[in-house]
Amino acid sequence: MNKRIVVTGTDTGVGKTVFSAGLAGLLGANYWKPVQAGLEQETDSECVRRLGGLSSDRIVPELYRLRTPASPHYSAEIDGVRIDTETLRLPDSGERQLVIEGAGGLMVPLTARTLYIDIFERWQLPVVLCAKTELGTINHSLLSIEALRKRQIRILGIAFVGERNAETESAVCEIGRVRWLGRLPWLVPLTDDRLQAAFKDAFVSSDFLYL
Ligand SMILES: Nc1ncnc2c1ncn2[C@@H]1O[C@H](COP(=O)(O)OP(=O)(O)OP(=O)(O)O)[C@@H](O)[C@H]1O
Ligand SMILES: C[C@H](N)[C@H](N)CCCCCC(=O)O
Ligand SMILES: [Mg+2]
């Protein structure tokens, strides 16, 4: 089956949501953010809907909506909620592909005992790793790749976000032995039209199909 892709990243704030919006738009996919931590600003689901031009029925509702923008395990504690990781089951998204976004980087805790990467391992889905092109990303990317390989999680490739940085991008791909999927430029202003156009220029939909 060729239907579900996990979008993860080297850190929080690297552009997973913006990338997911572009990807869901390109593939005509649905989007799911299982655990949303932070409700005061626009949520990731709302952002993907707006920037990706998705209708509301293409957003799968979150399983946990936590008020505080913090690590999910802590945000849940503040709300007096226990994240039951057994409930994190993959939804059926019908005929469409499904883009699933985690929270922060791979080792972000959902509870004191379960990290997001444990859930990705359980799901056995391929991941796209989002990484900024700025200084520091080689280390963050190679650590993330190593953690994914250790758990035998398939890496579809790496999607860079930011201004071109050829040496950094090639170091990550060559040393990490991962596929370069493309680079989404930093867009100012960031609008739905500009994102969708830039995404089409930067990525090829067939790279996100898998056997
Ligand atoms: N290609 C881009 N061009 C312009 N701004 C961007 C781009 N990618 C991300 N941003 C901005 O950077 C910030 C962080 O991006 P984003 O919310 O996508 O990160 P994230 O990895 O999803 O973070 P989180 O871990 O909170 O889910 C946002 O303000 C977003 O609008
Ligand atoms: C609140 C933020 N926007 C993300 N949803 C959660 C990021 C958790 C990061 C935890 C950490 O690595 O220290
Ligand atoms: Mg996000």
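Cut-off values and rules
Residues numbered from 1 in each chain as written. Chains lettered and ligands numbered in written order. Predicted model: local features only at pLDDT ≥ 70, side-chain atom pairs only at ≥ 80, totals over all residues. Heavy atoms only, no water. UniProt positions renumbered as here; feature names shortened; annotations may be inferred. Donors = N, O, S within 2.8 Å, 3.2 Å for Na, K, Ca; no water. Helix = DSSP H or I, 4+ residues; strand = E, 2+ residues; numbered from the N terminus. Buried < 20%, exposed > 50% of the residue type's maximum accessible area, 1.4 Å probe, protein only. Near = heavy atom within 4 Å. Polar contact = N/O pair within 3.5 Å; in protein donor to acceptor, adjacent residues only side chain to side chain. Areas by Shrake-Rupley, 256 points an atom, 1.4 Å probe, with all protein chains shown as cover. Nonpolar A, V, L, I, M, F, W, Y, C, P; charged D, E, K, R; others polar. Phe/Tyr/Trp six-rings, centres within 6.5 Å; stacked < 30°, edge-to-face > 60°.

In the annotation of an unreviewed UniProt entry, the protein is listed under the name ATP-dependent dethiobiotin synthetase BioD and assigned to Bradyrhizobium nanningense. As stated in UniProt under Subcellular location (unreviewed entry), the record for the protein gives "Cytoplasm". The Sequence similarities (unreviewed entry) comment attached to the protein in UniProt states, word for word, "Belongs to the dethiobiotin synthetase family."

### Quick look at the coordination of the magnesium ion (ligand 3)
The coordination sphere of the magnesium ion (ligand 3) contains the protein donors Thr17 (OG1), Asp44 (OD) and Glu101 (OE), at a distance range of 2.0 to 2.1 Å. In primary sequence terms, the donor set of the magnesium ion (ligand 3) follows T-x26-D-x56-E. Placement of Thr17 in helix α1 (residues 16-27) and of Asp44 in helix α2 (residues 44-52) is noted, with a sequence separation of 27 residues between them. By relative accessible area, which is 11% here, Thr17 ends up buried. Classification of Asp44 by relative accessible area gives buried; the value is 16%.

### Quick notes on the site of ligand 1
Contacts to ligand 1 come from 17 residues, most closely from Thr12, Gly13, Lys16, Thr17 and Leu187. A distance of 3.0 Å is found between an oxygen atom of ligand 1 and a backbone nitrogen or oxygen belonging to Gly13. The contact in question runs from an oxygen atom of ligand 1 to an N or O atom on the backbone of Val14, over 3.2 Å. Relative to its unbound accessible area of 630 Å², ligand 1 is 74% covered by the protein chains. Here the element with the most residues in the shell around ligand 1 is α1; it accounts for three residues. Split into classes, the residues belonging to the shell around ligand 1 amount to eight nonpolar, five polar and four charged.

### A word on the packing of aromatic side chains
Under the counting rule described, the total for this entry stands at eight aromatic pairs. When the centroid spacing of 6.0 Å and the interplanar angle of 45° are considered together, the rings of Phe120 and Trp123 count as tilted. Of this pair, Phe120 and Trp123 both sit in helix α4 (residues 116-123), separated by three residues, roughly a single helical turn. Accessibility expressed as a relative area gives 9% for Trp123, which makes it buried. Members of the aromatic cluster, connected to one another through ring pairs, are Phe19, Phe199, Phe203 and Phe208.

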